[in-house]
Amino acid sequence: MRTANSALRSKDLLGIEQLSPEDITLILDTAEGFKEVSERPVKKVPALRGQLVINLFMEASTRTRVSFEIAEKRLSADTLNFAASGSSVEKGETLIDTAENLMAMHPDMIVIRHKYPGAPKMLAERLPASIINAGDGGHEHPTQALLDAFTIRERLGRLQGVNVSIIGDIAHSRVVRSNIHLLTKMKANVTIAGPPTLIPMDIERMGVRVVHSLQQAIQGADVIMMLRIQLERQGKLTFPSLREYYNTFGLTPERLRGAKEGVIVMHPGPMNRGVEIASDVADGPWSVILEQVTNGVAVRMAVLYLLGGAHMGGE
Amino acid sequence: MNLLITNGRVIDPSQELDGKLDVLIEDGRIARVDRKIRADVEAFDADGLVVTPGFIDLHTHLREPGQEHKETIATGTRAAVAGGYTAVCAMANTIPPNDERAVTEMIIAEAARNGSCRVYPVGAVSKGLKGEELAELADLRGAGCVAVSDDGKPVWNAQLMRRALEYASMLDMPVVVHEEDAHLNEGGVMHEGYYSTLLGLAGIPAASEETLVARDVILAQLTRAHLHIAHLSTAGAVESVRAARSAGVNVTCEAAPHHIALLDEAVQSFSTNLKMNPPLRSSEHRKALLAGIADGTIDVIATDHAPHHFDEKNVEFDLAPFGVIGLETAFSVCYDRLVRSKVIDLPRLVELLSCAPARVFRLPGGTLQAGSLGDVTVIDLDAPYTVAAPFVSKASNSAFLGEKLRGRAVATIVGGRIRFDLRAPAAEPQPKKAPKKHKR
């Protein structure tokens, strides 16, 4: 028996787009409780005892994979890590075959990171296990947006009315899409910034303001979220050089002088120091970057718990 | 082959016929269309049905030779007659490609052996479809090709395109172009717009098609040759053709049923059966296509029937091949989206599917005039049709799976022979394996 706000309504977490503001608040509130678990001497609760969670990481990841694994262990789940390299994926097995084979061993949840948009949805439509999207191509990365929101809420006390500027490679970022969905649902004001070559078409229709100047993006922002510039995009006609990128969009202490008192700087990682963000900012008083990582565990515990709870409910 | 089709509503736009008439076919050719014909031959009662010239598809991928796991000449032409088509034009991107006489002759021979409808091969523009040097176009024409195309890819080299147009004009056949700028398209898997942004999928901009259409109508003007643009999908491309046509350029074009019917927003399902090239576009482009069909800028509806194996489509959206099947659903989809939605009337749809393709590629058929081919399509406008696998085609990658439509071809007559009759199916389609399901 569950009440309306004690579990997520869906079997899976595929993205923020499908969540309601109530779902988001439920996850963030639940995460608050779990954050405290991580501060105890014995950092473990029995919530998912006997449940098997498979971490299916088909694309490189450090932070997200480790964070999920820690979250699973702190909930007492059995965990199994699966990486594309060294697996039959290298022998040409399709994603669906890989997933069906894993499913035959009866996991309760599968956490998937994949290079291509829609891969978690493919699994969710075919498998009875709960699927958690840990990043699918340039589409969504819901737990990142949730941990970002958790961090903003913890620091600023609210999401509504907060001015968030997201700066960098908007076109190829799953983090930005999940954040836009989440922040607009929670009535924050979102500005995105970057060179026009890194801003995808019609993104204004997602309810954001678009600017092409770092100064404009910084002005009035309560939160500045820097995105990683994928080094391999240099020379692919999106910007001339890393040097020029740093000169136009790199976040430095000097440029932060134009910012609001109390502004916080976030970054989903991994950072390219000296490309999108100066070390003095990343390590400076504005930065909440490592808090984001800490909060990531609590938020993922909340998501696992809420989906695992739904699963135990026998739906 | 003799056949008398009685009591049907005969619509033949080539002679502006629309009335309750009988059609007599003798020795495989139309003998007469008249009221109450009496003849001592096999009769087909078309009471309550519509009788039209046989449909002709200018754009079919039969996949044989080389990719028989997707489709064969036998299965593709069976799918064709099941959709009311009496002739299809087989695109050149087979393996090996149809860039030489031997391949053309193989296709024609196999169609004669195992085909259910007429097959007109389309030859390659360039050797190996590589876009480097001209294929032997005169030899291909001599072997039976009715047009040339590197379809599946654009002719990127403008000089090659110019020479192809000039050379093909000597042979009285059109050059059929697939317009796409590979650089603008880099990595693209769906229409570039709000939904590609939302889904994080790489976009194929409308400009990719429009820039090449603009170039090629200029080359058609220069060479005075016949340019035929395949699967037009954007507003700008329609506008280019409209302007070129009014300037007297010899340009024709076709649109595909999926572009007429569907929008890019459907890709939110991530269904690989909605992945084709050109991609499903946004509503302003679709509106422009409908306007182009209504005002005659778009000459022909062609399916771009592109079968793929289930396994090839049962992958991540990015990894799936482009293309959807269309022969079996084309009429039903177009009747629903164009006629029932009052964009055009039924005779105009019949023209787009039969008379116009014949005229554009200078093929026999597309008319019920006495002496012409005895190719006839019989339609039931009220027949319900839920699109579902298995199809008659070997493939099931339809963009319309699950759609409930009304109106479909119920009989297809090729050269006076009934090659498809919904009321008495000739051959059982092969059962398809359903995808595996886990217990919930």
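Keep in mind that this is a model prediction, so the values were computed, not measured.

Trainee: What is the right way to look at the overall build of chain A in this model?
Mentor: Looking only at helices and strands, chain A features 11 helices and 9 strands. The C-alpha atoms of chain A give a radius of gyration of 19 Å, which matches the 20 Å a tight globule of 315 residues would have. When the backbone C-alpha atoms are referred to their principal axes, chain A occupies close to 55 × 45 × 40 Å. Contacts spanning at least 24 positions in sequence make up 75% of the contacts within chain A whose residues lie at least 6 apart.

Trainee: What should I look at first to understand the domain arrangement of chain B in this one?
Mentor: By a frequent convention, interface size equals the accessible area lost on bringing the separate parts together. Residue and element names in this part refer to chain B. What the domain assignment lists for chain B is domain 1 (3-51 + 373-421) and domain 2 (55-361). Put simply, the middle of domain 1 and the middle of domain 2, counted by C-alpha atoms, are 25 Å apart. Listed per partner, the contact involves 29 residues of domain 1 and 42 residues of domain 2. Residue assignment for the side of domain 1 that touches domain 2 shows that the elements contributing at least two residues are β16 (376-386), β17 (404-414) and β18 (417-421). With 7 residues, β17 is the single largest residue contributor to the side of domain 1 that touches domain 2. Tallied by class, the residues present in the side of domain 1 that touches domain 2 amount to 15 nonpolar, 8 polar and 6 charged.

Trainee: Please clarify how the interface of chain A and chain B should be interpreted in this entry.
Mentor: Taken residue by residue, the interface counts 24 residues in chain A and 19 residues in chain B. Of all the elements, helix α3 (residues 95-103) of chain A adds the most residues to the side of chain A that touches chain B, at 4 residues. Classifying every residue of the side of chain A that touches chain B gives 13 nonpolar, 5 polar and 6 charged.

Trainee: Sorry, what's going on with the packing of helix α1 (residues 21-37) of chain A against helix α5 (residues 142-156) of chain A here?
Mentor: If you want to describe how two helices pack, look at the angle between their axes and the distance between the axes. All names here are of chain A. Relative orientation of the contacting elements α1 and α5 amounts to 70°, with a least axis distance of 10 Å. One way to sum up the angle between α1 and α5 is to call them roughly perpendicular. Along this stretch, α1 crosses α5, giving a crossing that reads as right-handed. Residues Ile24, Ile27, Leu28 and Ala31 of α1 form the contact with α5, whose own contacting residues are Leu146, Ala149, Phe150 and Arg153. Here the contact of α1 with α5 is composed, by residue class, of 7 nonpolar, no polar and 1 charged.

Trainee: Help me understand the sheet that holds strand β7 (residues 209-211) of chain A in this model?
Mentor: Each strand in a sheet pairs with another by means of backbone hydrogen bonds, the pair being arranged parallel or else antiparallel. All names here are of chain A. One open sheet holds the 5 strands; their spatial order is β7-β6-β5-β8-β9, and the pairing between them is parallel. For this open sheet the edge positions go to β7 and β9 (264-266), each flanked by a neighbour on one side alone. Neighbour to neighbour, the strand axes of the sheet diverge by 20° on average, direction disregarded. Summarising the sheet, strand β6 (residues 189-193) and β7 pair through 3 bridges and their orientation is parallel. Opposite Ile192, over in β7, you have Val210 as the bridge partner. Along the sheet, helix α6 (residues 174-185) contacts β5 (163-167), β6 and β8 (223-226); its crossing angle with β6, the most-contacted strand, is approximately 155°.

Trainee: Explain helix α11 (residues 330-339) of chain B to me, please; I cannot follow it from the model alone.
Mentor: Along an α-helix, a turn takes 3.6 residues, which lines up residues three or four apart on a common side. Residue and element names in this part refer to chain B. For α11, a buried count of 8 out of 10 residues is recorded, marking the element as mostly surrounded by other parts of the structure. Of all the residues in α11, the buried ones are Ala330, Phe331, Ser332, Val333, Cys334, Tyr335, Asp336 and Leu338. The inward-facing, buried residues of α11 contact α8 (257-261), α9 (283-294), β15 (300-301), α12 (346-361), β16 and β17.

Trainee: Just to check I follow, could you spell out helix α2 (residues 101-114) of chain B for this structure?
Mentor: Residues and elements named next belong to chain B. Counted at 1.5 Å a residue, the expected span for α2 with its 14 residues is 20 Å, and the 20 Å between its end C-alpha atoms agrees. Buried residues of α2: Val103, Thr104, Ile107, Ile108 and Ala111, and no others. End-on, the buried residues of α2 take up no more than an arc of 135°, which puts them together on one face. Opposite the packed face of α2, turned more than 90 degrees from it, sit the exposed residues Ala102, Ala109, Ala112 and Arg113. Of the surrounding secondary structure, the elements contacted by the buried residues of α2 are α1 (73-82), β7 (85-90), β8 (118-123) and α3 (137-143).

Trainee: Would you mind going over the nonpolar core with me for this structure?
Mentor: Generally speaking, nonpolar side chains in soluble globular proteins are found buried as a group. Within the largest apolar cluster, 236 residues are counted, with the highest numbers of intra-cluster contacts made by Met301, Ala302 and Leu304 of chain A together with Val23, Val122, Val148 and Val175 of chain B. With 11 residues, helix α11 (residues 289-312) of chain A is the single largest residue contributor to this core. When near neighbours in sequence (up to four residues on either side) are disregarded, Leu304 of chain A contacts Leu48, Val53, Ala71, Glu72, Leu75 and Met109 of chain A.

Trainee: So what exactly am I meant to see when it comes to the pairing of strand β2 (residues 17-26) of chain B here?
Mentor: Regular strands have side chains that alternate between both faces of the sheet. Residue and element names in this part refer to chain B. Looking at chain direction, strand β1 (residues 3-12) and β2 are connected through 8 bridges and run antiparallel. The residue bridging Ile11 from the neighbouring strand is Asp18, located in β2. What sits between β1 and β2 in their antiparallel hairpin is a turn of 4 residues, with Glu16 showing a positive phi close to 50°. Where β2 and strand β3 (residues 29-34) come together, 5 bridges link them in antiparallel fashion. Paired with Leu24 across the bridge in β3 is Arg32. The loop that links β2 with its antiparallel partner β3 comprises 2 residues; one of these, Asp27, has a positive phi angle of about 50°.

Trainee: I tried to follow the packing of helix α4 (residues 158-170) of chain B against helix α6 (residues 206-223) of chain B on my own but got confused; where do I start?
Mentor: All names here are of chain B. One can describe the packing of α4 onto α6 by two numbers: an axis separation of 10 Å at closest approach and a directional angle of 45°. Of the possible angle classes, the one that applies to α4 and α6 is oblique. For α4 against α6, the interelement crossing comes out right-handed. Contacts between α4 and α6 pair Ala158, Met161, Arg162, Leu165, Glu166 and Ser169 from the former with Arg215, Asp216, Leu219, Ala220, Leu222 and Thr223 from the latter. In terms of residue class, the contact of α4 with α6 is made up of 6 nonpolar, 2 polar and 4 charged.

Trainee: Just to check I follow, could you spell out the domain arrangement of chain A for this structure?
Mentor: Residue and element names in this part refer to chain A. Segmentation of chain A into domains returns domain 1 (21-140 + 295-312) and domain 2 (142-293). Using C-alpha coordinates to define each centre, domain 1 is positioned 26 Å away from domain 2. Listed by partner, the interface residues are 19 residues for domain 1 and 20 residues for domain 2. Contributions of two or more residues to the side of domain 1 that touches domain 2 are made by α1, β4 (130-136) and α11.

Trainee: Would you mind going over the sheet that holds β8 of chain B with me for this structure?
Mentor: All names here are of chain B. Ordered by their spatial adjacency, 8 strands build an open sheet running β6-β7-β8-β9-β10-β13-β14-β15, and the pairing between neighbours is parallel. If you trace the sheet from one side to the other, it starts and ends with β6 (55-60) and β15, each paired once. Across 2 bridges, the pairing between β8 and strand β9 (residues 147-149) is parallel. Paired with Val122 across the strands is Ala147, a residue of β9. Here α2 sits on the sheet in contact with β7 and β8, set at roughly 170° to β8.

Trainee: Just to check I follow, could you spell out unusual backbone geometry for this structure?
Mentor: Backbone geometry follows two general trends: most residues other than glycine have a negative phi, and most peptide bonds adopt the trans configuration. All names here are of chain B. With omega at 0°, the peptide bond leading from Ile95 into Pro96 counts as cis. In this structure, Pro390 follows Ala389 across a cis peptide bond, with omega equal to 0°. You can see Pro390 is positioned in the loop between β16 and β17. Here the phi dihedral of Lys36 falls at roughly 45°; this positive angle occurs in a residue that is not glycine. Looking at where Lys36 falls in the secondary structure, it is placed in the loop between β3 and β4 (43-45). With 9 C-beta atoms counted inside 10 Å, the residue Lys36 sits in the exposed group. Positive phi is not limited to glycine here, since Asp172 has a value of about 55°. Position of Asp172 relative to the elements: it lies in the loop between α4 and β10 (175-177). Accessibility expressed as a C-beta count within 10 Å gives 10 for Asp172, which makes it exposed.

So, how was this worked out
Residues numbered from 1 in each chain as written. Chains lettered and ligands numbered in written order. Predicted model: local features only at pLDDT ≥ 70, side-chain atom pairs only at ≥ 80, totals over all residues. Helix = DSSP H or I, 4+ residues; strand = E, 2+ residues; numbered from the N terminus. Rg over C-alpha atoms; globule rule 2.2 N^0.38 Å. Contact = placed C-beta atoms within 7 Å. Domains from an automatic or database assignment. Nonpolar A, V, L, I, M, F, W, Y, C, P; charged D, E, K, R; others polar. Axes fitted to C-alpha atoms, helices over the stretch in contact; angles between N-to-C directions. Parallel < 35°, antiparallel > 145°, perpendicular 65-115°, else oblique. Left-handed = near helix turned anticlockwise from the far one by under 90°. Pairing = 2+ DSSP bridges. Buried ≥ 20, exposed ≤ 12 C-beta atoms within 10 Å, placed from the backbone. Expected span 1.5 Å × (residues − 1). Arc of directions from axis to C-beta. Core = buried A, V, L, I, M, F, W, Y, C linked by C-beta atoms within 7 Å.

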